[in-house]
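# Per-entry structural report
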Amino acid sequence: MLEAVWDETGANLLYVWKLPRSEPASTQHADFVRGLCFTVSEAGGVLLCAGCSSGNIQVFSVAPGPVIRPTVTLSGQHSRPITCLGSSYQSRRGAWADDLGSELVSCDDQGRLCVWQIKDEQSLQCVAAAEAGQPCCSVAVRRGFVVAARVDGCVQLYGMKDARLRSELVVAGRWLSAMDIHPVKDLVATAAEDCTLGVWALPMCGQKASCLLSVCKYNERLTGAAFCGQGADSVAAVAYDVEALNVWNF
């Protein structure tokens, strides 16, 4: 299994990394990479993190050029395959914000959620963990909270410092397949296998949880959702085995 890094046009291959074989080899699945995330360290370096089927997380430094090289492998916190990774840097799409921090959040197939603090490209420490819950299909960071999309249809907010559950939104009646967080506003978009797409205001900073958009695409199994357009004030969704890209304003 390979991890490939391309430029923003998708035309030029910048870096290729081959996933090492897990030891001992799994009898349940082949080795794979799942979950990619950019973050920043307290030292100011940009890092690319990749989740592995072994439960390890491979960290790469990204220098101008770009020059990408592996620096450290995080292990010991996840015994099952990684499902997704997130950070405030990723959630803000690389833009500066007052809540920008040096952290990484990881989730695995057993629902375990870990918060890592990043001093530099070699020093990443797990500072909090949550055990309970279904696996996450997506995770983000916003204003000191971890925003986790559980596959059972719930979006949960955890405290960054203690990984304690603070709030929960039930956003779908069936398997949740995707979540995206707005780069500026405290909103998330969710897509689910019950054919529904939703945009939700998160309960933080005095704001109450509310549904801003709810759409049902009949007979289409939604697999992805993302904020897009000028000001990210539109939301797009794709469905399994459907060529069309649907976009809504909200």
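For the structure, check the block above.
Residues numbered from 1 in each chain as written. Predicted model: local features only at pLDDT ≥ 70, side-chain atom pairs only at ≥ 80, totals over all residues. Heavy atoms only, no water.

## Quick word on the pattern of salt bridges
Under the defined criterion, the tally for this structure stands at ten salt bridges. Here glutamate 121 makes a salt bridge to arginine 69, at a shortest N to O gap of 2.6 Å. One end of the pair, glutamate 121, is in the loop between strand E9 (113-120) and strand E10 (123-130); the other, arginine 69, is in strand E6 (residues 67-74), with 52 residues separating them in the sequence. For glutamate 193, the salt bridge is made with arginine 221, and the minimal N-O distance between the two is 3.0 Å. Note that glutamate 193 is positioned in the loop between strand E16 (187-192) and strand E17 (196-201) and arginine 221 in the loop between strand E18 (210-216) and strand E19 (222-228), a separation of 28 residues in sequence. Residue arginine 221 is classed as partly exposed on the basis of its relative accessible area, which comes to 44%. The network of salt bridges with shared partners includes Arg142, Arg143 and Asp186. (Salt bridge = Lys/Arg side-chain N within 4 Å of Asp/Glu carboxyl O. Helix = DSSP H or I, 4+ residues; strand = E, 2+ residues; numbered from the N terminus. Buried < 20%, exposed > 50% of the residue type's maximum accessible area, 1.4 Å probe, protein only.)

## Digging into a nonpolar patch on the surface
Taken together, Leu2, Trp6, Leu13 and Val16 make up a surface patch of nonpolar side chains, about 400 Å² in accessible area. Among the elements of the structure, strand E1 (2-6) and strand E2 (13-18) are those that each provide at least two residues to the nonpolar patch. One can find valine 16 in strand E2. (Patch = residues over 30% accessible without salt bridge, like charges linked within 9 Å, V, L, I, M, F, W, Y side chains within 5 Å. Areas by Shrake-Rupley, 256 points an atom, 1.4 Å probe, with all protein chains shown as cover.)

## Structural notes on the environment of histidine 78
Its place among the elements puts histidine 78 in the loop between E6 and strand E7 (82-86). Taking the relative accessible area as the measure of exposure, histidine 78 reaches 6% and is therefore buried. It is 8.5 Å that separates the C-alpha atoms of histidine 78 and cysteine 114, two residues lying 36 residues apart in sequence. Apart from residues no more than four positions distant in its own chain, histidine 78 is found in contact with Ser54, Gly55, Ser106, Cys107, Asp108, Arg112 and Cys114. Side chain to side chain, histidine 78 and aspartate 108 meet in a polar contact 2.7 Å long. (Contact = heavy atoms within 4.5 Å. Polar contact = N/O pair within 3.5 Å; in protein donor to acceptor, adjacent residues only side chain to side chain.)

## Things to note about the sheet that holds E18
Across the sheet, which stays open at both edges, the four strands sit in the order E15-E16-E17-E18 with antiparallel pairing between neighbours. What marks the edges here is a single partner per strand, and that holds for strand E15 (176-181) and E18. Strand-to-strand twist in this sheet, taken as the mean axis angle between neighbours without regard to direction, amounts to 15 degrees. (Pairing = 2+ DSSP bridges. Axes fitted to C-alpha atoms, helices over the stretch in contact; angles between N-to-C directions.)

## A closer look at the pairing of strand E13 (residues 154-159)
In terms of burial, E13 is a largely internal element, six of the six residues being buried. Side chains of E13 alternate between two faces, with Cys154, Gln156 and Tyr158 and Val155, Leu157 and Gly159 buried alike. Of the strand pairs in this sheet, strand E12 (residues 145-150) and E13 are connected by five bridges, and their pairing is antiparallel. Residue pairing for E13: phenylalanine 145 is matched across the bridge by glycine 159. In this antiparallel pair of consecutive strands, E12 and E13, the connection spans three residues, and glycine 153 shows a positive phi of 105 degrees. Across five bridges, the pairing between E13 and strand E14 (residues 165-170) is antiparallel. Among the inter-strand pairings, cysteine 154 is bridged to a residue of E14, identified as valine 170. Hairpin connection, E13 to E14: the antiparallel pair is bridged by five residues, and alanine 163 has positive phi, about 55 degrees.

## A word on the sheet that holds strand E21 (residues 246-249)
The sheet built from three strands is open, its strands ordered E19-E20-E21 with antiparallel pairing. Looking at the sheet topology across the chains shown, the edges are occupied by E19 and E21. Taking each pair of neighbouring strands and ignoring which way they run, the sheet shows an average axis angle of 25 degrees. Direction of pairing for strand E20 (residues 234-239) relative to E21: antiparallel, over a ladder of four bridges. By the bridge assignment for E21, serine 234 is matched with asparagine 249.

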